[in-house]
Amino acid sequence: MTQHEMGVEDAAIGLYRSNITSTDRLMATKVGRDELLADLLEILRRRGKKKSGHHMLLIGPRGIGKTHMLNLVEHRVSQDSELEESYIAVRFPEENNRILSFADLLLGIIEIMEGSDPDGGWAKLFQSLHMEEDDQIIIDRVLPRLKQRCRERGVTLLLLLENLDVMLTEQLKQTRDIHHLRSFLMDNPHVLMLATSPVFFPGLNDVKHPLYDFFDIQVVGELDETQTLELIQRNLEWDGCQELLERFDELKPRLCALHTMIGGNPRLTMMLYELIGHEKLLEVRSQFNKLLDGISPFYQNRIKDLPPQERAVLETLALMREEPRTPVRIAKKLRKSQQQTSTLLKRMTEAGYLTVSPNPEDRRSRLYRIKEGFFDIWLAMSHSRVQRRYLPYLVDFFSGWYADPTEREAKRRELEVRSAEAPSERDRARDVEILDYLTEVGSEEERHQAKLDLAMQQFKDGVREGGKDLLQDVKSASPNNRLITWMHEQARGWIDGEVGPDIRTRMENIVEMWREQRSGHLERAARLAHELGSDFSGSGLHKLNIALQQELLEKLDDPAKRILALKDVFESQRMDGQAEAALQTLGEILALAKAQGGKQQEAYALNGFGQIHLRTGDYETALDYLRRSLAIQQEIGDKSGEGTTLNNMATTAHARGDYETALDYLKRSLAIQQEIGGKSGEGTTLNNISLIYVARGDYETALDYLKCSLTIQQEIGHKSGEGTTLNNMAATAHARGDYETALDYLKRSLAIQQEIGDKSGEGTTLNNISQIFKARGDYETALDYLKRSLAIQQEIGDVAGLCATLFNMGHIHLQNDEINDAMKAWVTVYMLAKKMKLAQALEALEGLAGQQGLSGGLDGWEQLALQAE
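Residues numbered from 1 in each chain as written. Predicted model: local features only at pLDDT ≥ 70, side-chain atom pairs only at ≥ 80, totals over all residues. Heavy atoms only, no water.

Visitor: How do you make sense of the overall build of the protein chain when you look at a structure like this?
Guide: A count of helices and strands for the protein chain gives 44 helices and 7 strands. A globule of 869 residues ought to have a C-alpha radius of gyration of about 29 Å, yet the protein chain, at 43 Å, is considerably larger. Considered along the principal axes of its C-alpha atoms, the protein chain spans approximately 135 × 60 × 50 Å. Residue burial in the protein chain is summarised as follows: out of 869 residues, 52% are buried. Taking the contacts inside the protein chain whose residues are at least 6 apart along the sequence as the reference set, 64% of them involve residues at least 24 apart. As displayed, the protein chain offers around 39,900 Å² of accessible surface, 46% of which is attributable to carbon and sulfur atoms. (Helix = DSSP H or I, 4+ residues; strand = E, 2+ residues; numbered from the N terminus. Rg over C-alpha atoms; globule rule 2.2 N^0.38 Å. Buried < 20%, exposed > 50% of the residue type's maximum accessible area, 1.4 Å probe, protein only. Contact = heavy atoms within 4.5 Å. Areas by Shrake-Rupley, 256 points an atom, 1.4 Å probe, with all protein chains shown as cover.)

Visitor: What exactly am I supposed to notice about the sheet that holds strand β3 (residues 156-161) here?
Guide: Strands pair in a sheet through their backbones, by hydrogen bonds, and they do so in one of two ways: parallel or antiparallel. Spatially, β2-β3-β4-β1-β5 is the arrangement adopted by the 5 strands of the open sheet, whose pairing is parallel. The outermost strands of the open sheet, each flanked by one partner alone, are β2 (87-91) and β5 (215-219). Across the sheet, the mean angle from the axis of one strand to that of its neighbour is 20°, orientation sign disregarded. Inspection of the sheet shows strand β1 (residues 55-59) paired to strand β4 (residues 191-197) by 4 bridges, in the parallel sense. Note that in β4 the partner of L58 across the bridge is T196. Sitting on the sheet, helix α6 (residues 102-113) touches β2 and β3, and the angle it makes with β2 is about 110°. (Pairing = 2+ DSSP bridges. Axes fitted to C-alpha atoms, helices over the stretch in contact; angles between N-to-C directions.)

Visitor: It is not clear to me how the environment of E755 should be interpreted in this structure. Could you clarify?
Guide: If you trace the backbone, E755 turns up in helix α38 (residues 739-756). Along the primary structure E755 and L541 are separated by 214 residues, whereas in three dimensions their C-alpha atoms are 8.8 Å apart.

Visitor: I'm lost on the side chain of T732 in this one. Help?
Guide: Residue position: T732 is located in helix α37 (residues 719-735). Excluding its chain neighbours within four sequence positions, the residues that come into contact with T732 are V694, Y699, A702, L703 and L706.

Visitor: Any chance you could explain the pairing of strand β6 (residues 354-359) here in plain terms?
Guide: If a strand is regular, its side chains alternate between the two faces of the sheet. Sheet topology note: the β6/strand β7 (residues 362-370) ladder contains 6 bridges and is antiparallel. Bridged to N359 within β7 is D362. The loop that links β6 with its antiparallel partner β7 comprises 2 residues.

Visitor: Mind showing me how you'd approach the packing of aromatic side chains here?
Guide: The description of an aromatic ring pair rests on the distance of the ring centres and on the angle between the ring planes. Inspection of the entire model under this criterion finds 9 aromatic pairs. Here the aromatic cluster, defined as three or more aromatic residues joined through ring pairs, consists of F807, W826 and W861. Seen from the ring of F773, R776 lies directly overhead, with NZ or CZ sitting 5.8 Å from the centre. (Phe/Tyr/Trp six-rings, centres within 6.5 Å; stacked < 30°, edge-to-face > 60°. Lys NZ or Arg CZ within 6 Å of the ring centre and 35° of its normal.)

Visitor: Help me understand helix α43 (residues 839-851) in this model?
Guide: Helical periodicity: at 3.6 residues per turn, an α-helix aligns residues three or four positions apart in one direction. Taking 1.5 Å per residue, 13 residues should reach 18 Å; α43 reaches 19 Å between its end C-alpha atoms and fits that length. Of all the positions in α43, only A841, L842, L845, L848 and A849 are classed as buried. Projected down its long axis, α43 carries its buried residues within an arc of 120°, all on one side. Pointing more than 90 degrees away from the buried face of α43 are the exposed residues E843, G850 and Q851. On its buried face, α43 is in contact with α41 (799-815), α42 (819-836) and α44 (858-868). Downstream of α43 by a residue or two, G853 has a phi angle that is positive, lying close to 75°. (Expected span 1.5 Å × (residues − 1). Arc of directions from axis to C-beta.)

Visitor: I would appreciate a short explanation of the nonpolar core in the present structure.
Guide: As a rule of thumb, soluble globular proteins bury nonpolar side chains together. Counting 68 residues, the largest nonpolar core has F398, M487, I510 and W514 as its most contacted members. Among the elements that make up this core, the one with the highest residue count is helix α25 (residues 482-495) (7 residues). In this structure, M575, A622, F807 and M836 belong to the second largest nonpolar core, which totals 54 residues. (Core = buried A, V, L, I, M, F, W, Y, C linked by side-chain atoms within 4.5 Å.)

Below is the structure:
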């Protein structure tokens with residue numbers, strides 16, 4: 001189809017002035033009005049022959065197409081030979097502000113008829129009367145001439161007049177003028193009026209009014225969804241928009257959403273039609289504002305005519321923009337009973353103010369809305385003060401226009417790029433304003449993400465106030481969303497210059513991950529989340545990493561990507577001491593690995609189970625998991641995994657006092673790590689070997705291994721390993737009585753563990769620091785460190801650490817002559833160590849029994865434990 005040939009006037013669409021839209025276009029784009037037009041024309045044909053019958057009145061809200069219908073009738077009268085012979089169309093302008101009396105109406109008729117009179121008689125008559133002050137003189141001279149001319153020519157004057165309600169209720173104040181009008185229309189068979197009104201005005205229903213039951217009333221209703229789509233399609237065809245026509249099916253969901261927002265109002269539909277091809281997104285605001293301002297007096301009068309309770313219902317519904325308008329919710333907003341509210345809703349629905357539909361979320365309830373879409377928008381705009389920054393109708397518009405999340409995100413990115421390259425500040429501000437409105441669209445989570453993103457852009461551009469407004473919007477974010485909360489806190493710090501470049505980089509990466517998620521690029525989002533997870537874990541932000549990965553997991557279906565994210569969650573839970581949560585995460589990894597046949601990931605999960613049970617002191621269970629993991633790793637040739645598992649198995653043997661077996665495992669692990677170049681594993685293994693020599697009292701050999709380990713850990717930046725190594729180096733210095741060196745190592749270790757959030761390591765280090773102060777005789781400081789250690793170990797369920805800390809606390813209590821407190825601590829250690837078979841703790845207690853005068857070694861502790869129960 002080629003583009004329609006149009007001149008300037010032909011191309012225009014008259015949203016407010018119908019006369020600038022070509023008649024050809026009006027005819028070609030007519031939708032949903034064929035039956036009404038046919039009825040009106042048939043009435044004209046019958047009336048033209050009989051010269052009798054009712055006058056006609058079209059009633060419908062602003063923008064519904066009443067003016068369009070008058071244009072079509074006028075056009076058809078001029079094109080139909082039969083009608084053209086029978087009628088002279090007298091078309092008044094839409095605003096008839098000069099008609100303040102019946103005489104003014106007559107003057108208006110002859111002024112309009114000037115152009116249809118070749119003799120110029122009407123022009124001369126108008127010129128002689130248009131300044132006459134006496135209405136009766138005008139009536140006496142004009143009325144007979146009109147009757148005579150119509151009789152002579154055998155024609156009827158077809159008066160096409162708009163806003164009859166205003167003329168009859170506000171302009172014709174004198175009762176005699178109303179009676180003159182009635183007589184003119186009723187007693188003169190050569191006059192027929194076709195008028196319009198947006199409402200049923202009082203005179204139509206008042207039996208005492210001169211014009212009661214005077215008109216044949218036709219209600220002009222809204223277009224339905226199908227008709228709205230047809231209206232837009234016909235205009236696209238008229239304008240030759242072939243590209244848009246080819247993808248019209250793609251546009252339909254968006255157009256249907258807009259139909260829902262504005263109702264089937266043709267004027268609003270055509271306003272939005274102008275945006276389809278060019279996406280002049282903010283121009284709709286000026287158009288809407290123009291309409292809103294122009295129509296305000298009409299709607300203000302309309303709502304004043306309603307009882308207070310019904311006005312309250314309308315305003316309440318208009319402001320319920322983001323929640324279902326069910327009777328229950330409406331009643332709560334009105335603070336009225338459900339029965340009262342239901343009665344009001346029923347009455348207003350029957351009166352045509354409201355429409356009701358089934359609730360798709362709950363078929364037992366119904367949803368109400370204001371029937372006239374533009375009235376709904378006007379009420380929301382007029383009465384909303386809280387959301388004044390975001391105009392409600394524009395939020396609705398953007399929600400409908402960008403209903404698809406992927407398309408919405410693509411638009412955000414396009415606007416970000418465009419605003420950065422904008423040739424002027426005005427263009428940039430326009431694009432940023434659209435971005436701002438898009439932050440009000442989507443789920444709560446998406447809105448908060450988008451606001452934080454735009455706030456960061458504002459801060460970069462130096463627009464502090466704009467960024468602060470956005471952060472204020474996010475302030476109400478759910479406290480359960482740890483990631484949003486953290487981002488909000490950091491963004492506030494950004495405003496005040498308290499956030500460094502490293503934090504800003506993390507924030508930008510989080511925003512990028514959110515964008516990838518919303519765009520549906522989950523593989524890229526998963527990669528970013530994994531990189532961020534490593535960064536967070538290395539900085540001790542374990543809970544934040546867990547929140548980040550869990551947010552991603554809600555959107556991931558791919559098993560391999562889910563396992564990667566779950567592994568990140570597990571590592572943070574393990575470091576943060578969340579034993580129970582870590583076991584649950586490992587269970588998910590194991591189930592996914594088995595379902596996918598992923599042997600390596602299955603071995604990883606089994607190894608993880610071993611680590612958690614090892615930490616809680618359940619060595620039998622730990623060793624069982626580790627052996628199963630080792631068998632799989634050896635089967636598939638996973639050398640790196642095998643080395644890690646051997647290391648963990650050595651830890652179980654060491655805890656039981658089986659140093660030979662532990663050393664054998666460690667040497668096998670070291671050989672593998674050195675073979676494959678696994679520096680991290682090598683550093684850990686060297687560290688663990690040193691512990692065997694410490695247990696044997698060979699501190700020099702132990703220190704050699706530890707120095708080698710520390711060099712590797714620092715070389716590869718393995719903070720966790722560095723902290724552990726420093727801790728063990730402190731143990732060798734302490735054993736030799738070099739407390740200053742030992743304390744220096746421990747303080748360095750503690751700083752690292754607190755930085756990276758290594759709870760288990762922190763608890764151990766605090767315990768070890770306490771022993772330095774105990775050796776110096778500063779029992780008060782020693783006990784303070786032990787209490788801090790105990791709190792952490794209780795939090796993370798570190799049974800072995802608890803035993804060590806309680807054992808040392810017992811000795812402090814003993815030094816302070818607090819014998820009962822010391823014995824309670826040691827009995828607790830015995831019960832824990834016995835249950836978990838902690839060899840080192842039981843060996844220490846056996847030696848302590850004799851010192852405390854307990855007979856039978858461990859039997860003595862058993863007797864005390866039974867008494868304690």
